[in-house]
Amino acid sequence: MSEILELKNLGFVYGQGTPFEKRAVDNVSLKINKGELVGIIGHTGSGKSTLVQMLNGLIKPTEGEVILDGKSIWAEPKKIRSVRFKVGMVFQYPEYQLFEETVYKDIAFGAINKGLSGDELDRAVRSAAEFTSLKPELLDKSPFDLSGGEKRRAAIAGVIAMQPEILILDEPTAGLDPMGREILLSQIVRYHKEMGNTVLLVSHSMEDIARVADRVIVMNNSKLMMFDTTKEVFARGDELENYGLKVPQITRIMQSLKQRGYDIPDGILTVDEALETLSALLKKEGKIW
Amino acid sequence: MVRDVAFGQYFPGKSIIHRLDPRGKILVFIAFVAIIFCTFNYCSLAVTAAFTAMFLILSKIPFKFYFKSLKVIIFIVIITSVFNLFYGTGDVIWQWGIIKITWNGIHRAVFVTSRIICLILASSCLTFTTSPTELTDAIERLMKPLNVIHFPVHEISMMMSLALRFVPTLLEETDKLMQAQKARGADMETGNIFKRVKALIPILVPLFVSAFRRAYDIATAMECRCYRGGTGRTRMKSLHLSALDVMSFIAMGLVIGGVIVCNIFIPSVI
Amino acid sequence: MNFISVQNVRFSYDDIEETKNPVYAVDGVSLEFEKGGFTAVIGHNGCGKSTLAKHLNAMLLPDSGKVYVDGDDTSDENKTFDIREKVGLVLQNPDNQLVASIVEEDVAFGPENLGVEPAEIRKRVDSALKAVGMYDYRMHAPYKLSGGQKQRIAIAGVLAIEPQCIVLDEPTAMLDPSGRAEVMNTLIKLNREMGITVILITHFMEEAVLADRVVVMDSGKVLTQGTPDEVFSQVELLKKHRLDVPQAAELAFRLKGRGAKIDKIPLTAEDCVNLLGEVLG
């Protein structure tokens with residue numbers, strides 16, 4: 001697997017040299033492979049938001065380097081804007097950034113900034129709308145007439161239309177109801193599968209991360225605490241609890257059963273997995289058929 | 001970042017200045033603004049400057065915040081002082097083409113600069129030490145007599161206090177919007193003025209939309225908390241003048257007296 | 001009669017006289033809320049739960065049907081402010097419901113509107129702030145606080161009116177997990193220790209599990225209601241309407257479907273582990 005992004009001793013201090021100095025990210029080094037779906041977890045103030053904003057050059061690191069496709073993104077500070085098209089960033093509550101007259105124009109905004117035009121632009125906009133399940137007839141409406149969930153998806157489409165190599169989503173499901181969360185999450189998974197692009201997902205929902213992530217970054221107190229496969233990370237539930245994080249309920253249940261001496265593997269992440277494991281156990285004991 | 005603007009912020013504290021009655025503070029401030037434009041010689045200017053310095057020290061707010069509030073207007077200060085420098089009358093002491101500098105011009109530049117600085121420092125001192133609620137509450141009480149002519153005093157002061165309450169929230173939102181649009185490749189740093197103004201649209205439109213949404217929400221929240229206008233309303237903090245306020249009035253009186261005396265006995269330099 | 005009685009309420013945001021087929025946000029809902037209870041109302045966005053919430057303190061009036069609060073009809077204009085004194089409403093976005101620039105001044109806003117004496121306001125503000133655990137922050141500016149803290153201030157602002165009931169319209173939707181926990185702990189405390197009736201509108205089922213009673217709404221109607229045990233054991237019904245169920249309940253339900261001997265569907269991890277322990281033997 002080839003790596004697409006590398007962080008080398010990355011650090012950031014807010015208000016450096018002032019009395020308000022505050023460290024947000026401390027010496028983070030890691031490598032992300034092309035085509036991975038990486039989850040980022042950590043409680044509020046752990047530094048994860050600052051970390052992701054350094055990946056597309058919105059925040060300039062005070063220490064260390066961000067290496068994208070083998071090149072430091074700050075090698076030529078004047079060209080930093082081009083990095084933002086390669087690393088697409090969807091902020092929290094992105095629906096608040098919609099501003100154009102039509103949904104179509106809003107989705108096209110970033111792509112036009114990138115320099116797309118004509119058929120290429122049209123294709124980019126329509127395929128982004130398709131990935132986020134926005135019906136074609138919505139594209140001519142004003143973004144302010146959409147429902148809450150549709151607005152959110154239109155805003156995400158605006159970043160996808162820039163055709164980034166890496167897509168970063170900061171709490172994309174915050175504030176949505178269970179159905180909206182479900183729909184959005186499966187669209188992200190579909191985008192990731194079909195495009196084969198790298199996706200970084202920041203989330204407070206451990207259930208969501210457990211379901212979709214290949215690997216998980218755990219941040220605490222501005223430091224990188226863990227970076228491992230999702231199974232491995234959630235198998236360390238006690239440690240996560242120290243960082244103010246909870247493992248999914250299902251993982252906790254299966255962990256407790258294991259501690260009671262049942263033959264159950266570590267790091268069970270979904271109800272489906274748990275169901276199969278328990279069914280197999282019960283069958284062996286002859287309790288179900 | 002936009003958030004760094006110190007001007008208009010409030011720093012809770014318990015200093016002598018914090019404890020002054022906001023109504024008194026406003027009156028003293030108005031008198032001060034009037035008197036600062038009546039300084040015509042260095043002696044009276046020194047009196048007002050000393051008075052400003054006294055207030056700043058007594059406010060116990062770190063000076064760096066005052067410097068920060070000055071930083072915002074430094075551009076205006078430089079422009080006006082340069083203009084004044086070149087537009088003086090009287091004996092020319094230095095000339096280059098049509099540009100000439102006179103003693104009168106230098107004096108004018110010094111006076112304009114000092115007056116603006118004193119003004120900004122004094123108003124910062126007022127807003128740093130008085131919470132927006134206190135401030136609007138005081139304005140409401142001072143303007144109460146206008147109720148007689150059906151001037152909507154309560155409504156206006158309520159609007160002011162809500163506006164002040166939302167300044168930091170909207171600044172923060174502007175910051176977030178700028179980051180979000182930059183992430184979509186918006187270019188806000190380069191180009192001519194026309195291009196830069198156009199680049200503001202993606203910030204301003206969402207900002208207005210959200211301001212309206214917030215206004216609607218806050219109106220609902222206020223109704224839920226039994227708001228029904230100014231009639232029959234009481235206030236948790238009742239205002240009353242104390243010895244401290246009387247002392248601030250006396251100090252102000254001394255400054256006014258001092259400036260008048262200086263103006264009588266010392267000739268004007270501008 | 002119960003403290004709040006909702007009787008066959010219908011409400012549409014369309015003008016029902018002008019529009020041919022008005023969409024009813026609340027479509028024939030009847031519910032009773034007892035004094036001192038803790039009820040959670042769950043359902044999707046657009047299911048009518050927020051519209052219902054605004055009926056409980058006369059912010060909205062039914063197109064047909066009646067809402068009674070402590071015996072008073074909410075459509076009686078003379079009673080509007082009495083009703084809002086008895087039933088406080090906390091909204092979703094904590095930023096947009098704080099009116100003052102200092103925490104204690106914000107909490108004082110409600111009693112000031114009621115014309116309470118200054119000394120009494122002071123007492124109410126202090127005790128409301130203590131009740132939500134924010135007394136130490138009384139001189140802070142709200143915009144510098146975390147979401148959970150801001151929402152607790154909003155709750156204190158309603159508490160200072162000394163209501164008998166607090167209705168909260170998705171108060172945790174915009175908060176992170178720790179903020180959500182802060183708000184939930186505060187609500188449980190208000191309900192258990194101060195006897196305040198709590199009606200919590202939410203779409204987090206893990207919060208609904210903590211209530212005494214759960215009402216599930218869908219398309220403007222009440223889908224089902226009962227104790228959390230009764231409601232969440234109907235896994236099939238909830239899943240059909242694409243609502244969340246606790247993972248513990250889902251696992252037990254599906255195991256039962258495969259023939260495991262399970263009588264009672266567990267809601268918490270602990271109950272589930274105990275149950276599975278028994279089943280596995």
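Residues numbered from 1 in each chain as written. Chains lettered and ligands numbered in written order. Predicted model: local features only at pLDDT ≥ 70, side-chain atom pairs only at ≥ 80, totals over all residues. Heavy atoms only, no water.

## Focus: unusual backbone geometry
All names here are of chain C.
Then step 1. The residue E162 is not glycine, and still its phi comes out positive at about 55 degrees.
Then step 2. Examined against the element boundaries, E162 turns out to sit in the loop between helix 5 (147-159) and strand 7 (165-169).
Then step 3. Under the relative-accessibility criterion, E162 is labelled partly exposed at 47%.
Then step 4. You will see that S219, though not glycine, has its phi angle at about 45 degrees, which is positive.
Then step 5. By secondary structure assignment, the location of S219 is in the loop between strand 9 (213-218) and strand 10 (221-226). (Helix = DSSP H or I, 4+ residues; strand = E, 2+ residues; numbered from the N terminus. Buried < 20%, exposed > 50% of the residue type's maximum accessible area, 1.4 Å probe, protein only.)

## With respect to the state of the cysteines
Residues and elements named next belong to chain B.
Then step 1. Tallying each qualifying case throughout the model produces 0 disulfides over all chains.
Then step 2. Looking at the unpaired C118, the closest cysteine sulfur is the one in C125, lying at 12 Å.
Then step 3. Judged by relative accessible area, C118 falls into the buried class, the value being 8%.
Then step 4. Note on C226: no disulfide assigned, nearest cysteine sulfur contributed by C224 at a separation of 8.7 Å. (Disulfide = S-S within 2.5 Å.)

## What to know about the interface of chain C and chain B
Then step 1. At the junction of the two partners, chain C supplies 38 residues and chain B supplies 33 residues.
Then step 2. For the pair chain C and chain B, the two sides together bury roughly 3300 Å², of which 55% comes from carbon and sulfur.
Then step 3. For the pair chain C and chain B, the interface holds 6 salt bridges.
Then step 4. When the shortest N-O distance is used, the salt bridge between E112 of chain C and R233 of chain B registers 3.1 Å.
Then step 5. Take the side of chain C that touches chain B: its biggest share by element is 10 residues, from helix 3 (residues 103-113) of chain C.
Then step 6. A per-class count over the side of chain C that touches chain B returns 20 nonpolar, 9 polar and 9 charged. (Contact = heavy atoms within 4.5 Å. Buried area = accessible area lost by both parts, 1.4 Å probe. Salt bridge = Lys/Arg side-chain N within 4 Å of Asp/Glu carboxyl O. Nonpolar A, V, L, I, M, F, W, Y, C, P; charged D, E, K, R; others polar.)

## Observations regarding the interface of chain A and chain B
Then step 1. Facing the 23 residues of chain A at the interface are 19 residues of chain B.
Then step 2. For the pair chain A and chain B, the summed buried area comes to about 1800 Å², and 63% of that belongs to carbon and sulfur atoms.
Then step 3. Per-residue buried area on chain A facing chain B is highest for Y96, Q97 and F99 of chain A; these three make up 30% of the total on that side.
Then step 4. With a closest N to O distance of 3.0 Å, R184 of chain B and D106 of chain A form a salt bridge.
Then step 5. On the surface where chain A and chain B come into contact, there are 6 residue pairs in polar contact (both at pLDDT 80 or more).
Then step 6. Those elements that place two or more of their residues in the side of chain A that touches chain B are helix 2 (80-86), helix 3 (103-114) and helix 5 (148-160) of chain A.
Then step 7. With 4 residues, the top contributor of residues to the side of chain A that touches chain B is helix 3 of chain A.
Then step 8. A breakdown of the residues in the side of chain A that touches chain B according to their chemical character gives 14 nonpolar, 6 polar and 3 charged. (Polar contact = N/O pair within 3.5 Å; in protein donor to acceptor, adjacent residues only side chain to side chain.)

## What about the sheet that holds strand 3 (residues 38-42) of chain C?
All names here are of chain C.
Then step 1. An order of 6-7-8-3-9-10 is seen for the 6 strands of this open sheet, with the pairing classed as mixed. This sheet does not close on itself; its edge strands, each paired only once, are strand 6 (87-90) and strand 10. Averaged over all pairs of adjacent strands, the angle between their axes in this sheet comes to 15 degrees, without regard to strand direction.
Then step 2. Where strand 6 lies against strand 7, 4 bridges are found, and the strand directions are parallel. Bridge pairing in strand 7 links V87 to C165. (Pairing = 2+ DSSP bridges. Axes fitted to C-alpha atoms, helices over the stretch in contact; angles between N-to-C directions.)

## Details of the domain arrangement of chain A
All names here are of chain A.
Then step 1. For chain A, the assigned domains are domain 1 (34-61 + 73-230) and domain 2 (248-289).
Then step 2. Between domain 1 and domain 2, the C-alpha centre-to-centre distance is 35 Å.
Then step 3. Counting the surface lost from both domain 1 and domain 2, the interface buries some 340 Å², and carbon and sulfur atoms represent 77% of this.
Then step 4. Looking at the side of domain 1 facing domain 2, the largest losses of area belong to E207, A210 and T230, adding up to 74% of the total buried there.
Then step 5. Our count for the domain 1 to domain 2 interface comes out at 0 salt bridges.
Then step 6. Linking domain 1 with domain 2 are 0 residue pairs in polar contact (both at pLDDT 80 or more). (Domains from an automatic or database assignment.)

## So, a nonpolar patch on the surface
Then step 1. Together, I74, F75, I76, I78, I79, V82, F83 and Y87 of chain B make up an exposed nonpolar region whose accessible area comes to about 830 Å².
Then step 2. Its place among the elements puts I79 of chain B in helix 4 (residues 63-86). (Patch = residues over 30% accessible without salt bridge, like charges linked within 9 Å, V, L, I, M, F, W, Y side chains within 5 Å. Areas by Shrake-Rupley, 256 points an atom, 1.4 Å probe, with all protein chains shown as cover.)

## Quick look at the nonpolar core
Then step 1. In terms of nonpolar packing, the biggest core is built from 80 residues, with L278 of chain A together with I155, F232 and L251 of chain C touching the most fellow members.
Then step 2. Setting aside chain neighbours within four positions, we find L251 of chain C in contact with I250, V271, A274, L275 and L278 of chain A together with C272 and L276 of chain C.
Then step 3. Formed by 51 residues, the second largest nonpolar core is a distinct cluster that contains L116, L121, A210 and L269 of chain A. (Core = buried A, V, L, I, M, F, W, Y, C linked by side-chain atoms within 4.5 Å.)

## Observations concerning helix 1 (residues 48-55) of chain A
Residue and element names in this part refer to chain A.
Then step 1. Where burial is concerned, most of helix 1 is hidden: 7 out of the 8 residues are buried.
Then step 2. Residues of helix 1 that are buried include every one of K48, T50, L51, V52, Q53, M54 and L55, and no others.
Then step 3. Positioned one or two residues after helix 1, G57 has a phi angle of 75 degrees, which is positive.

## Notes on a negative patch on the surface
Then step 1. A grouping of D14, D15, E17, E18 and D63 of chain C is seen on the molecular surface, where their side chains present a negatively charged patch.
Then step 2. Tracing the chain through its elements places E17 of chain C in the loop between strand 1 (4-12) and strand 2 (24-33). (Lys, Arg positive; Asp, Glu negative; His and termini not counted. Charge placed at Lys NZ, Arg CZ, Asp CG, Glu CD.)

## Some details on the packing of aromatic side chains
Then step 1. For the coordinates displayed, the defined rule picks out 13 aromatic pairs over all chains.
Then step 2. For the pair F63 of chain B and Y66 of chain B, a centre-to-centre distance of 6.3 Å together with 50 degrees between the ring planes defines the contact as tilted. One end of the pair, F63 of chain B, and the other, Y66 of chain B, are both in helix 4, 3 residues apart, so they sit about a helical turn from each other.
Then step 3. Overall, F63 of chain B belongs to the partly exposed group, its relative accessible area being 43%.
Then step 4. Note on Y227 of chain B and F109 of chain C: the rings are 5.7 Å apart at their centroids and 25 degrees apart in plane angle, and the pair reads as stacked. Separated into two different chains, Y227 of chain B in the loop between helix 9 (201-224) and helix 10 (243-265) and F109 of chain C in helix 3 make up a pair that spans both.
Then step 5. Residue classification places F109 of chain C among the buried residues on the basis of a relative accessible area of 3%.
Then step 6. An aromatic cluster of at least three residues, connected via ring pairs, comprises F11, F63, F65, Y66 and F128 of chain B.
Then step 7. Positioned above the aromatic ring of Y96 of chain A is the side chain of R213 of chain B, whose terminal nitrogen or guanidinium carbon lies 4.2 Å from the ring centre. (Phe/Tyr/Trp six-rings, centres within 6.5 Å; stacked < 30°, edge-to-face > 60°. Lys NZ or Arg CZ within 6 Å of the ring centre and 35° of its normal.)

## A short note on the pattern of salt bridges
Any two side chains of opposite charge can pair, given that their charged atoms come close.
Then step 1. Enumeration according to the criterion identifies 49 salt bridges over all chains in this entry.
Then step 2. With a shortest N-O distance of 3.0 Å, K150 of chain C and D95 of chain C are connected by a salt bridge. Here the residue K150 of chain C occupies a position in helix 5, and D95 of chain C occupies one in the loop between strand 6 and helix 3, the gap between them amounting to 55 residues.
Then step 3. Measuring nitrogen to oxygen at the nearest pair gives 2.5 Å for the salt bridge that ties R152 of chain C to E182 of chain C. Remark: E182 of chain C occurs in helix 6 (residues 177-194) and R152 of chain C occurs in helix 5; sequence separation between them is 30 residues.
Then step 4. The class for E182 of chain C is partly exposed, based on a relative accessible area of 24%.
Then step 5. The structure contains a network of salt bridges with shared partners spanning D137, R141, R233 and R235 of chain B together with E112 of chain C.

## Description of the sheet that holds strand 4 (residues 64-69) of chain C
Residue and element names in this part refer to chain C.
Then step 1. Reading across from one edge, 2-1-4-5 is the order of the 4 strands in this open sheet, with antiparallel pairing throughout. Two strands lie at the open edges of the sheet, namely strand 2 and strand 5 (72-73), each paired on one side alone.
Then step 2. For strand 4 and strand 5, the ladder comprises 2 bridges, and the chain directions are antiparallel. Note that in strand 5 the partner of Y68 across the bridge is D73.

## Describing the side chain of D137 of chain B
Then step 1. As for its placement among the helices and strands, D137 of chain B is situated in helix 6 (residues 132-142).
Then step 2. Setting aside residues no more than four positions away along its own chain, D137 of chain B makes contact with R235, K237 and L239 of chain B.

## Quick notes on the environment of A46 of chain B
All names here are of chain B.
Then step 1. Relative to the helices and strands, A46 resides in helix 3 (residues 42-59).
Then step 2. The exposure class assigned to A46 is partly exposed, which follows from its relative accessible area of 44%.
Then step 3. As a C-alpha pair, A46 and L119 span 73 residues in sequence and 14 Å in three-dimensional space.

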